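These are the residues of each chain, in order.
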Amino acid sequence: MSVDRHVAWFAEVDRGDLAVVGGKNASLGELTRHLSGAGVRVPEGFATTAQAYWEFVDTTGLRDQVAAQLDLLHAGADLATVGAAIRELFVETDLPADLTDAVRDAYRRLSEHLGHADPDVAVRSSATAEDIPEASFAGQQESFLHVSGERDLLAACRRCFASLFTDRAIHYREDFGFDHLSVALSIGVQAMVRSDLAGAGVMFSLDTETGFPRVVLINASWGLGEAVVAGQVDPDEYVVFTPLLDRPDLRPILSRTCGGKESKIVYADDGQAVHTRSVDTSETERSGLVLDDDEILTLARWAAAVESHYGGPMDMEWAKDGRTGELFLVQARPETVQARREAALLRSYTLTGTAERLVTGLAVGDAIAAGRVCNLASPAEIDRFVDGSVLVTGLTDPDWEPIMKRAAAIVTDHGGRTSHAAIVSRELGVPAIVGAGDATGTLPDGRDVTVSCAEGEQGYVYAGICAYEARDLDLATIPATRTKVMLNLANPAAALRWWRLPADGVGLARMEFIVNNHVKVHPMALVHPDKVDEKSRDRILQLTRGYRDRTEYFVDRLSAGVAHIAASRWPDPVIVRMSDFKTNEYARLIGGQRFEPAEENPMLGWRGASRYYSEGYQAGFALECRAIARVRDQIGLTNVVAMIPFCRTTDEADHVLKTMREYGLRRGRNGLRVYVMAEIPSNIILAEEFAERFDGFSIGSNDLTQLTLGVDRDSAELAGLFDERNPAVVRSIQHLVTVAHRRTRMVGQECKVGLCGQRPSDDPEFARILVRAGIDSISVTPDSFLAVKQNVAAAEESEGERRR
C-alpha cells in the first residue's frame, strides 16, 4: 500500500510491507487490518518507515561514520567499544526536520484519536530482517515504554535507531552474515497498555517443547510482560486445546498452573524520567491466577485466528490494561524453532544410567546432555567458559547468547517455558532446565553432571556422567496394520512428546501415576483433613494453596493430567484406568496412612473395583469420577474411555457402575464407554456376563498370567514358570476375543478386546498369537511402538499367507 515517506499508520500497512516498516510493525499492521473482524485488539499506533531511517543515516553523514567504526571492528577492535561509539553517534545526531515534523504530526493525531493530550506510548524497534522464519532477531533491539510528550518521543526515536547497533545485535548479524548497512530500522509508536496495573505475558499457538500443533500455550504474570520474556519470574501457564475452541458450550482449557510470580515490573517516576523497576508481589498475587477462564479462552481464540491467518505457528505477546480490563495483542511473529524441525524424524533420548538427583526444574526440549558445570554470575565472565560445559546461572538475557551457543546444556534458577533462556535454548537445540530454584547454589563449578529433559515436563540434573541413548525414528518407515497399535502412557507431561507417532490412541493411561506425581495427596485426606496428622495437614495446606475447596485441588490436578493425555491423541480413544493403587501404595500418599489397612498380600487385597463402592473410599472415587466428567463434559474430550481394574465379580461390576452413575458417569451418556480390565480368571470364565455390562476388555497380561498359573510375577525362583505363551493363558485370550466378537455380531453392540503389555515387542511369536486370535488392539510404551508395529505387520502378513 502507498504510505507517507516517513510515517505509516498500522491500519495502512500489512505483512507485505516488511521492507517498509520491518517485521514487527508489518505484523501489527496485518493484525490491525485483517484480524479486527475476529475480535483481535491491537493498540492504535504508527510506524516510521525504512526510508525515514535511510534519510537519517544518509543526510547526516552517519553512514560513513558507522562504516568506519565497523571497519575498526573487523580489524580487531573491541565489540563493546565499537558498539558504544556507534550508539553515541545516533543519540547525539538530530533527526532531519521532515522526519521530526512527521513524527510530531502523527503523535498529535494519535492524541486526538485517544482523546487526551500527550498520551503515554510504547516506542519499539522493528528491524527489516526481524521476525522472519529463517532468522529470529527478536530482542536484539531496544524498546522504550511509558514515553509521553513530543520531546521525549523524539529522544526515544533516536535511542531506538541507536539500538540497531547494540553489542548483541552487531554480534548476531555478524554470526548470520547480515550486512549491517543493509538492515534498516522502523520505529513503532503504540498507545500504551497499562499492564503494570494488571498483567501481561506471551503465548504460542503450539506446544513449544514438542511442536504439538493443537494447543495454545499462554504464560502470564503480574505487571509488564518484560518479566516473563526475561525469565525473571515463574509465570502462570495455561494450556488450551484449539480444536474445541469453536464450541461455546465447552471450556477446553487443559490446565491452569499457578506460577510463583514472586515479583512484577512496574513503572517508577523519579521526577525527571519514567523508568521501570521490579517490586515484590503480594501473597494474594502469588497465590492467584493472572487471567480468568474467559480471558484465557479469548486469548486462545485470538492465537488460533492469528495462526490461521498467517498459515503457520505464531509467537505472540499480549497485555491487559488495568484501567479498562481490556486485552490486547502487542506483538505477533512466526515461531522459528518448531517451524524448522524435521517432521518425519523423531529423536528419542532415554536415560539408561542412574545417579543422585541434584536439581529439578522445567524441561526445555527433550534431549539429554552431560558435561562439567560452569557456574557464572554474569556474561562478563565469558573468558571462564569452556566449550561443551553446562552453563549454570540465575537467568539469561540476550547478552548471554555468545556463551549459550557454546554450552552442552543450560540450567537457570528462574524463568518459565517462554523465558529468554527457554526460547534461545530451543533455537540452539540445547537442552535446558529453567526455574530450577537454587541451581547456582547447588551446582558448583567443575562438577560433572547430566542434564535430562527426556522425562517429561520436569527436567533433572543428575550427579556425574550418566549413560543415555539417542535413537532416531523415521516415521515414514512405520508399516500400516489392521490391528490397532496404541500407546501406554502415564505421564501427562510426556504425552505430547509422542504426538507424531501414528498410534491409534492410548490403550492404557494409568490414573495412579497422575495421582502419585501430580496430586500427591490421598483423596480421602482431602475429604477428611481433620483425620490426618499435623505434618500431613501442613503439607496439604501448602499444596492446595489458592483452593477454597481442598477436594477441588484433586479434581483440578487429575483432570488436567488426563486432559493432556487425551488431547495428545484426539479424536482417537484414550482408555483411562481408574485408580489401581494397592493399599501399601495408597498409604504412601500424603495423609494416606490414616485411611489404609495393613495387608499381608496387597496384590490380592483391597484394590481396584472393590474400593470404589466401599465406605472407606467411595468419597475418594467420587473425586475421580468428577475429574473424568470434567474432562469429557466441560473440556469436551469425549474420546476418554473409563476402565475399571480388578473387577472380581459381576455383582461388583454392578455396584461400580451404579456408583459411577451417582457421580456423573453414566455409561452411554454423551458417548461414554466403560471398559473392564481382563486380568482375573473370573473375567474370562464369565466373559459373556461381563460383556453385557461393559463396552470392551483390556487384557492385563501380567496379572492374568500370574493368577491363571498361580505364579508370583516378582518371584525370581518362579521366573521360569511365568510365561504369557503358556497354553492356559493363550486359550484364555482366545476365548475372551471369541466371546466379545460374538456379542458384537449378535447384539450389534461393539465389544473390543485389547492387550496392554511389552511381550509383543520382545516376542514376535506372541504378536502372531494375538493376531491369529483376532485381537483388536495392542498397547505398548512409546519406545516399543516401532518394534510392535513391525512384529504385528509381519504377523498379519504371515496369517494372511496361512489362510490363503
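A brief structural summary. (Residues numbered from 1 in each chain as written. Predicted model: local features only at pLDDT ≥ 70, side-chain atom pairs only at ≥ 80, totals over all residues. Heavy atoms only, no water.)

1. Looking at the pairing of strand E25 (residues 574-577)
The side chains of a regular strand alternate, first on one face of the sheet and then on the other. Worth spelling out the cut-off: Relative accessibility thresholds used throughout: buried, under 20% of the residue-type maximum; exposed, over 50%; partly exposed, between the two (1.4 Å probe, protein chains only). Labels follow the DSSP assignment, with helices taken as runs of H or I lasting at least four residues and strands as runs of E lasting at least two, numbered in each case from the N terminus. Strand pairing is defined by DSSP finding a minimum of two bridges between the two strands.
The side-chain alternation of E25 yields two buried faces, one formed by Val574 and Val576 and the other by Ile575 and Arg577. Bridging between strand E24 (residues 506-510) and E25 involves three bridges; their strand directions are parallel. Pairing of Arg510 across the sheet is with Arg577, part of E25. Where E25 lies against strand E26 (residues 640-644), four bridges are found, and the strand directions are parallel.

2. Side note on the state of the cysteines
Here is the rule: A pair of sulfur atoms, both from cysteines and within 2.5 Å, is called a disulfide here.
Per the stated rule, a full pass over the model turns up zero disulfides. Cys160 provides the cysteine sulfur closest to Cys157, a residue in no disulfide bond, and the two sulfurs are 6.8 Å apart. Free cysteine: Cys647, not disulfide-bonded; nearest cysteine sulfur from Cys751 at 14 Å. With relative accessibility at 0%, the residue Cys647 sits in the buried group.

3. Considering the sheet that holds strand E7 (residues 215-222)
The criterion, for reference: As a rule, the C-alpha atoms of each element are fitted with a line to give its axis, helices using only the stretch in contact, and angles between N-to-C directions run from 0 to 180 degrees. Working rule for contacts: check all heavy atoms of both residues, and any pair within 4.5 Å makes them a contact.
In spatial order, the strands read E9-E8-E7-E6-E12-E13; together these six strands make up an open sheet with antiparallel pairing. The strands lining the two open edges of the sheet, one partner per strand, are strand E9 (253-257) and strand E13 (327-334). Across this sheet, the average inter-strand angle for adjacent strands is 15°, counted without regard to direction. Looking at chain direction, strand E12 (residues 314-320) and E13 are connected through seven bridges and run antiparallel. Among the inter-strand pairings, Glu317 is bridged to a residue of E13, identified as Gln331. Strand contacts of helix H18 (residues 550-569): strand E8 (236-241) and E9, with the helix running at about 135° to E9, the strand carrying the most contacts.

4. Let's talk about a positive patch on the surface
Rules: In this scheme, patches are assembled from residues that exceed 30% relative accessible area and form no salt bridge. Like charges are connected within 9 Å, while nonpolar side chains (Val, Leu, Ile, Met, Phe, Trp, Tyr) are connected within 5 Å. Accessible areas in this description were obtained via Shrake-Rupley with a 1.4 Å probe; residue shielding takes into account the shown protein chains only. Just to be clear on terms, a salt bridge is a Lys or Arg side-chain nitrogen sitting within 4 Å of an Asp or Glu carboxyl oxygen. Only four residue types enter the tally: Lys and Arg on the positive side, Asp and Glu on the negative side, with His and both chain ends excluded. Note that the charge is assigned to NZ on lysines, CZ on arginines, CG on aspartates and CD on glutamates.
A surface patch of positive charge is lined by Lys520, Lys535, Arg539 and Arg557. For Lys520, the position within the fold is in the loop between helix H15 (511-519) and helix H16 (523-527).

5. Quick notes on empty space enclosed by the protein
Rules: Here a cavity denotes grid points, spaced 1 Å and computed from the protein atoms alone, that fit a 1.4 Å probe unable to get out, and a pocket denotes an open set having protein on both sides within 12 Å along at least 5 of 7 lines; residues with an atom within 4 Å of a point are the lining. Grid points are joined across faces, edges and corners, and a volume is the space filled by probe spheres set on the points.
Per the counting criterion, the structure on display carries four cavities of 30 Å³ or more. Roughly 70 Å³ of internal volume is contained in the largest cavity. If you go around the largest cavity, the residues you meet are Leu346, Ser348, Arg471, Leu473, Trp498, Pro782, Asp783, Phe785 and Leu786. Sorting the residues of the lining of the largest cavity by element identifies strand E14 (345-351), strand E22 (468-474) and helix H29 (785-803) as the ones contributing at least two each.

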